[in-house]
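Structural overview
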Amino acid sequence: MNLLYISKSERSFRIIILATLIILFTIIFLGCSRKETNNSSREDQYELLEYDKFQGSAGYEELMFVYDTQTGLYGLYDTDTKTYIVDPEYVSISQFADNGLAVACLDGYYGYINSKGEVAVDFYFENAQNFQNGYAIVGLENGQGLINESGDYVIQPQYEELVWLGDTILQYKDETTELYGICDVSGNILSNPEYEGMILEGDYIFAQIEDEENEFFVFNKDGFSIFGEGTSLEQVQCIEQKSYGIYLAKCQGVSEPNIIGFSYTGGTYDDTWYSYLDGEFNMLSYGPYQDAKQFNSNGYAVISLRQDDWGNKTWGVIDKEGNYICSLPELHLGRANNFYTVANGYFVIGEGYTGTYGMDIEKRMALVSMTTGEIVEYESITFVDDSDYTIVQDINTNLFGMYDGNKLVLECVYDNIEVDTNKNIVTKRGAKEEIYNN
């Protein structure tokens, strides 16, 4: 009988091979077990947020936030591949801009990451906004500036505030004056800081003039003035906000009045005067006027004319076509500053003030008939928009009444009369509250 002989060296080699295989198997087994444990632990610790943050980011609808319930940090999860793109390490993540970058906060500083979770712009900003047309507003301790997609400054951090006004221009706030101006994305100053605020409406920027609540200068979407020298509106200094489709313009310079339906003999205006612009900033053919007010919802406006060399004014009312409707009587409600403010087709509100500047001044109000010129003084007067109603408050009793057209339909016996959210007229008298039905 033949016996299989294995030398000592061969036996040792086989033992080594077997031991190696056992060790490798153990490592693989333990690794898989640990991986399953880690995955299980991660699923327990992480929460996928059903949040529409990325639904506004075209091309990134598959992304979801991953929220770590223990650390309170955020990451990214891809619902298509069912993989964690970024484990939770950020305090916050914004939606992705058109250039594929999102703002993220890490350890109190802001930077930018891409949809793969890679850092595109490092984390050293104190605040940051999403990219817009290749630029992003960022902030450091010394102010806000603008960076490009490489993270390089195109506007150094220097402004107290930067706000987008369009695709290529921004509103900046000067720290010293606390006023606003306009610059482009290269930092070029298009308007000095001399406005109290700016409003973007359509293709135009309305810049509020300092210390004037309702006077605005207007810029186009490229940041250039539509008024002044070299424009078709070179005499316009500023406008009031649009009222029922028409702007009231304050102008400067020599102008010849053109009053439709009224014979004006006062000569030319050679200082400040007023006119009207349509919604596209075209000067309307009627006017100008020595003074003017905005149009009411009924389509009437109060204007005044200078009749003689002494500066005496004749007040009147025009409609939206510029037709002169009627003249108004002189007001003597106070010792000075008597003027008219608004008309509704039946009445005009007049105001006057007692006292002098620096002393107690009392405001007086009167309702003046456009047909008879009758003047009735009230404590307060309110025209109800898009109606013929006028709410008045008795000067002696402080109780309220109401006109419908030129007729007093509710005597001044009510504690209050107001318009509710459904545009109903609501009267209140003691505990009784009723809706007025004409």
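Rules behind the numbers
- Residues numbered from 1 in each chain as written.
- Predicted model: local features only at pLDDT ≥ 70, side-chain atom pairs only at ≥ 80, totals over all residues.
- Heavy atoms only, no water.
- Buried < 20%, exposed > 50% of the residue type's maximum accessible area, 1.4 Å probe, protein only.
- Helix = DSSP H or I, 4+ residues; strand = E, 2+ residues; numbered from the N terminus.
- Pairing = 2+ DSSP bridges.
- Axes fitted to C-alpha atoms, helices over the stretch in contact; angles between N-to-C directions.
- Salt bridge = Lys/Arg side-chain N within 4 Å of Asp/Glu carboxyl O.
- Patch = residues over 30% accessible without salt bridge, like charges linked within 9 Å, V, L, I, M, F, W, Y side chains within 5 Å.
- Areas by Shrake-Rupley, 256 points an atom, 1.4 Å probe, with all protein chains shown as cover.
- Lys, Arg positive; Asp, Glu negative; His and termini not counted.
- Charge placed at Lys NZ, Arg CZ, Asp CG, Glu CD.
- pLDDT = per-residue confidence, 0-100.
- Contact = heavy atoms within 4.5 Å.
- Phe/Tyr/Trp six-rings, centres within 6.5 Å; stacked < 30°, edge-to-face > 60°.
- Lys NZ or Arg CZ within 6 Å of the ring centre and 35° of its normal.

Digging into the pairing of strand β32 (residues 400-404)
In terms of residue burial, β32 counts as a mostly covered element, since 4 of its 5 residues are buried. Note: strand β31 (residues 389-393) against β32, 5 bridges, orientation antiparallel. Opposite T390, over in β32, you have Y403 as the bridge partner. Following β31, the chain reverses through 6 residues before pairing antiparallel with β32; N398 in that reversal takes a positive phi of roughly 65°. As paired elements, β32 and strand β33 (residues 407-414) share 4 bridges and run antiparallel to each other. Across the sheet, residue Y403 finds its bridge partner in β33, namely L408.

A short note on the sheet that holds β32
Strand order in the open sheet formed by 4 strands is β30-β31-β32-β33, and the pairing between neighbours is antiparallel. On the outer flanks of this sheet lie β30 (380-383) and β33, each paired with one strand and no other. Each strand of the sheet is rotated relative to its neighbour by a mean of 15°, with strand direction disregarded. When β30 meets β31, the two strands line up antiparallel, connected through 4 bridges.

So, the pattern of salt bridges
Inspection of the entire model under this criterion finds 9 salt bridges. Linking E351 and K363 is a salt bridge whose minimum nitrogen-to-oxygen distance equals 3.6 Å. Separated by 12 residues along the polypeptide, E351 in strand β27 (residues 347-353) and K363 in strand β28 (residues 363-369) bring together distant segments of the chain. Classification of K363 as partly exposed rests on a relative accessible area of 43%. We note a salt bridge from E433 to K428, for which the minimum N-O separation is 3.9 Å.

A word on the sheet that holds strand β2 (residues 63-68)
Taking strand neighbours across the sheet as the criterion, the 4 strands line up as β1-β2-β3-β4 in an open arrangement whose pairing is antiparallel. Edge positions in the sheet fall to β1 (46-49) and β4 (83-90), since each has one partner strand and no second. In this sheet, adjacent strand axes meet at a mean angle of 30° when their direction is disregarded. With 5 bridges connecting them, β2 and strand β3 (residues 74-78) associate as antiparallel partners. Of the residues in β3, the one forming a bridge with M64 is Y77.

Quick word on unusual backbone geometry
Along the chain, G287 connects to P288 via a cis peptide bond; the corresponding omega equals 5°. By the secondary structure assignment, P288 is in the loop between β21 (272-277) and β22 (291-292). You will see that D211, though not glycine, has its phi angle at about 65°, which is positive. In this structure, K423 is a non-glycine residue whose phi angle is positive, near 65°.

Considering a negative patch on the surface
Together, E194, E196, E210, D211 and E212 make up a negatively charged patch on the protein surface. With respect to the helices and strands, the residue E212 is situated in the loop between β17 (204-209) and β18 (216-220). Overall, E212 belongs to the partly exposed group, its relative accessible area being 33%.

What to know about the confidence of the model for the protein
Summarising the model, the protein shows a mean pLDDT of 86, and 81% of its residues fall at 70 or more. This stretch, residues 1-5, has a pLDDT under 50; its non-local contacts, to residues over four places away or in other chains, come to 0 contacts.

A few points about the side chain of E215
In this structure, E215 sits in the loop between β17 and β18. You can call E215 buried: its relative accessible area is 15%. Apart from residues no more than four positions distant in its own chain, E215 is found in contact with A207, Q208, I209, C238, I239 and K250.

Let's talk about the pairing of strand β10 (residues 135-140)
Pairing geometry for strand β9 (residues 127-128) and β10, over 2 bridges, is antiparallel. Bridge assignment links A128 to a residue of β10, and that residue is V138. Adjacent in sequence and paired antiparallel, β9 and β10 are bridged by 6 residues, among which N133 carries a positive phi angle near 55°. Relative to strand β11 (residues 143-148), β10 runs antiparallel, the two sharing 6 bridges. Within β11, the position partnered with I137 by the bridge is L146. Where β10 folds back onto β11 in an antiparallel hairpin, the turn is made up of 2 residues.

Structural notes on the packing of aromatic side chains
What characterises a pair of aromatic rings is the spacing of the ring centres plus the angle enclosed by the ring planes. According to the stated counting rule, one finds 25 aromatic pairs in the structure shown. With a centroid separation of 4.7 Å and an interplanar angle of 35°, the aromatic rings of Y159 and Y172 are classed as tilted. Of the two residues, Y159 sits in strand β12 (residues 153-159) while Y172 sits in strand β14 (residues 169-173), which places them 13 residues apart along the sequence. Grouping residues by exposure puts Y159 and Y172 together as buried. With a centroid separation of 4.7 Å and an interplanar angle of 15°, the aromatic rings of Y247 and F281 are classed as stacked. You can see Y247 sitting in strand β20 (residues 247-252) and its partner F281 sitting in the loop between β21 and β22, a full 34 residues away along the chain. Residue classification places Y247 among the buried residues on the basis of a relative accessible area of 3%. Grouped by ring-pair contacts, the aromatic residues Y204, F206, F216, Y247 and F281 constitute a single cluster. Taking the ring centre of Y414 as reference, the NZ or CZ of R429 above it sits at 5.9 Å.

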